[in-house]
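Per-entry structural report
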Amino acid sequence: MDLMNKNLLKDTSYVDGEWINANDGSCSEILNPATSESLGFVPNCGSAETIAAIEAARRAQSIWSKTDAKERSSVLKNLHRLMLENQEDLAKIITLEGGKPISESIGEIAYAASFFEWFSEEAKRVYGDVIPAHQHDRRTLVIKQPIGVVGCITPWNFPSAMLARKIAPAIAVGCSVVAKPAPETPFSALALAYLSELAGFPKGLLNILTGDAERIGAVLTENKDIRKITFTGSTSVGKLLLKQSAESVKKVSLELGGHAPFIVFEDADLDAAVDGALIAKYRNSGQTCVCANRIYVQSGIYDAFCERFTEKTSGLVVGNGLEEKTQQGPLISNNAMRKVSLHIDDAKNKGATVATGGNPHNLGGLFFEPTVLTGVTDDMLIAKEETFGPVAPIFSFENEQEVVKRANDTPFGLAAYFYTSDLGKSWRVSEQLDYGMVGLNTGIISTEMAPFGGIKESGIGREGSKYGVDDYLEMKYISIAGIEE
C-alpha cells in the first residue's frame, strides 16, 4: 500500500499493547477485491490468543473504570484528531481491502472519527439519580457503572465505522475491548489500534484479534470475563452469538440484516425521490445493511420514476475504487456475485424485466453492472431476501394501507424510507412502519448523533447518540438507611 504514513499498515494482531503473531505461526492472505492482488497477510489467531487478550483487557478495565471522565474523554478526542489527520491513508486502506470508491471511504473515516468525538463528550454525561425517599430515614440512589470487558465483532462493509461505533462508547464509560474484525478487512482495524496507542490508550484497553472467527467468537461468548457482546453482521450469525452468550447471560447488542423498503408516493418530489433512491441503493455497491432493497412506487408515477431512475443508474461509473471517477466498486466475494445473479435470474423467470444491467460487468472479476428490475412482484426471492448487491427491484402499489402492509411483511426491521409531501401521511407512515429507523424524504440516515439500530430480527440495542452508552453500563440501586437521628 502506498501510504503517506506507512506505520498505519500493520500485519500483526494487537494484544496488551504488543503486536503479536499467532502462536502457531499461521496466517491468512488478504486480497484486493478490485484486482485480486495480495495486500499482505495477517495472523490467524485462535483460542489461546483470545484468552490472552481477554486477560489483558480484564486487567486494563479494572484500572480504566476508576479513571475520571475527563481522562477518558481526552484520549477519545486524541483518537478523533489522529483519524482526521490520517484520513487519506485510512480511506485508502478501506478501498484497497473492501473495494468501495475512495470518496465513500473518505466519508467513512469522517463518520468513524465522529463517534470518538461524540462519545468523548458523552463520557462526562453518564448521570445517575436520587429517587424521592419512600421512608423518612432512607435515601435511594441510582448510579451507572461500566459493564466490564466487551467482546466486539465487526463486518467488512464499514470496517472503520462499525468498529468505532462500538469502541468509542465502551471506552468512554470505562470498559475495555477485545475486538474481532472481519477476515476480509483486518488492516483498517489494525490501523485504528496503532492510532489508539498514539492517542494514549493504556495497554490492554483495546485489543484487536485477526483470525479464525469461529474459535475467537466461541471464546468471547463463553468466557466469564466478557460481560457484553456487541456484533454487527448477518442475522444468522447474530442468532448463533445470542445462543452462545445465553449460557453466561451476557448483555448482547446486535445490529443485523435488513430488507429496507423505499416508498415513493404520488405526491412526492419525483426528482428528489430518484436521487434519494440512487444513494440509498447503490452506496458501497448495495452492500450496506440499510440500503434500499425494495423500491415501492405508487402506480400513478411508476413509469416516470422507472424511466428517470433507470437513466441515472445506467450512467453510474463502475471501476477500481482508487479512481476518482468511480461511483461503484467491486463486490466483496464470489459468493456475493452468485447471490446477485441468483436474485436477478429468479426475478426474470417470474416475469420481471431488466431495465438496465443484469450481468457481471465487462471489467470482469467481482464487478457487477448496476441493475434495475421493473415489474417485480412479491413472490420473487428479491422481495423476501436481502440481496446485498447493486440490484434495484421496483414494485408498484396503489394506496397507503397496501404499501405499509407489504413493507412490514418481513422478519427484518432495520431501516425504511419514504417520500411524500403530505404532512399527515408523513406522521402516519412513519409511525406505522415496523422499523427502528425511518428516513422521510431522505436516502441517508446515518449520523453519530442519532440512535442506530433495528427491531424484530434486525437486532437488539442502539448505537450512537446519547443512548449509545446505555448498553455498556449497568445500573445499580443503593438504598441508604439510618439518615434521621
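Residues numbered from 1 in each chain as written. Predicted model: local features only at pLDDT ≥ 70, side-chain atom pairs only at ≥ 80, totals over all residues. Heavy atoms only, no water.

**Let's talk about the overall build of the protein**
Looking only at helices and strands, one finds 13 helices and 20 strands in the protein. The C-alpha radius of gyration of the protein comes to 23 Å, within 12% of the 23 Å expected for a compact globule of 485 residues. In terms of principal-axis extent, the alpha carbons of the protein reach across some 75 × 60 × 40 Å. For the protein, the proportion of contacts with a sequence separation of at least 24, taken over those separated by at least 6, is 73%. On the protein, roughly 19,700 Å² of surface is accessible, and the fraction owed to carbon and sulfur atoms is 51%. Here the protein carries 47 positive and 62 negative side-chain charges, and the mean point of each set is 5 Å from the other. (Helix = DSSP H or I, 4+ residues; strand = E, 2+ residues; numbered from the N terminus. Rg over C-alpha atoms; globule rule 2.2 N^0.38 Å. Contact = heavy atoms within 4.5 Å. Areas by Shrake-Rupley, 256 points an atom, 1.4 Å probe, with all protein chains shown as cover. Lys, Arg positive; Asp, Glu negative; His and termini not counted. Charge placed at Lys NZ, Arg CZ, Asp CG, Glu CD.)

**A word on the sheet that holds strand β12 (residues 260–264)**
If you walk across this open sheet you meet the 7 strands as β14-β15-β16-β13-β12-β17-β18, and the pairing is mixed. On the outer flanks of this sheet lie β14 (353–356) and β18 (437–440), each paired with one strand and no other. With strand direction ignored, the average angle separating the axes of adjacent strands in the sheet is 25 degrees. Where strand β13 (residues 292–298) meets strand β16 (residues 391–397), 4 bridges bridge the pair, whose relative direction is parallel. Looking at the pairing, Gln 298 lines up with Phe 397 of β16. Seen against the sheet, helix α10 (residues 302–314) touches β12, β13, β14, β15 (371–374) and β16 and runs at an angle of roughly 175 degrees to β16. Sitting on the sheet, helix α12 (residues 400–408) touches β12, β13 and β16, and the angle it makes with β16 is about 145 degrees. (Pairing = 2+ DSSP bridges. Axes fitted to C-alpha atoms, helices over the stretch in contact; angles between N-to-C directions.)

**Describing the packing of aromatic side chains**
Applying the stated criterion across every chain yields a total of 10 aromatic pairs. Where Tyr 111 meets Phe 115, the ring centres are 4.9 Å apart and the plane angle is 65 degrees; that geometry is what we call edge-to-face. With Tyr 111 and Phe 115 both in helix α4 (residues 102–122) and 4 residues apart, the pair spans about one turn of that helix. Classification of Phe 115 by relative accessible area gives buried; the value is 0%. Site record: aromatic cluster; members linked through ring pairs are Phe 262, Tyr 417 and Tyr 419. Directly above the aromatic system of Trp 19 lies the positively charged group of Lys 10, at a separation of 5.2 Å from the ring centroid. If you follow Lys 456 out to its NZ or CZ, it ends over the ring of Tyr 435, 5.9 Å from the centre. (Phe/Tyr/Trp six-rings, centres within 6.5 Å; stacked < 30°, edge-to-face > 60°. Buried < 20%, exposed > 50% of the residue type's maximum accessible area, 1.4 Å probe, protein only. Lys NZ or Arg CZ within 6 Å of the ring centre and 35° of its normal.)

**So, helix α5 (residues 161–173)**
Between its first and last C-alpha, α5 extends 19 Å over 13 residues, near the 18 Å set by a 1.5 Å rise per residue. Two residues or fewer after α5 comes Gly 174, characterised by a positive phi angle close to 110 degrees. (Expected span 1.5 Å × (residues − 1).)

**Remarks on the sheet that holds strand β5 (residues 129–131)**
Strand order in the open sheet made by the 3 strands is β5-β6-β20, with antiparallel pairing throughout. Looking at strand neighbours, the two that pair on one side only are β5 and β20 (473–480), the edges of this open sheet. Adjacent strand axes in the sheet meet at a mean angle of 25 degrees when their direction is disregarded. Two strands pair when backbone bridges link them, and β5 and strand β6 (residues 139–146) are joined in this way by 3 bridges, in the antiparallel orientation. Note on β6: the bridge partner recorded for Asp 129 is Val 142.

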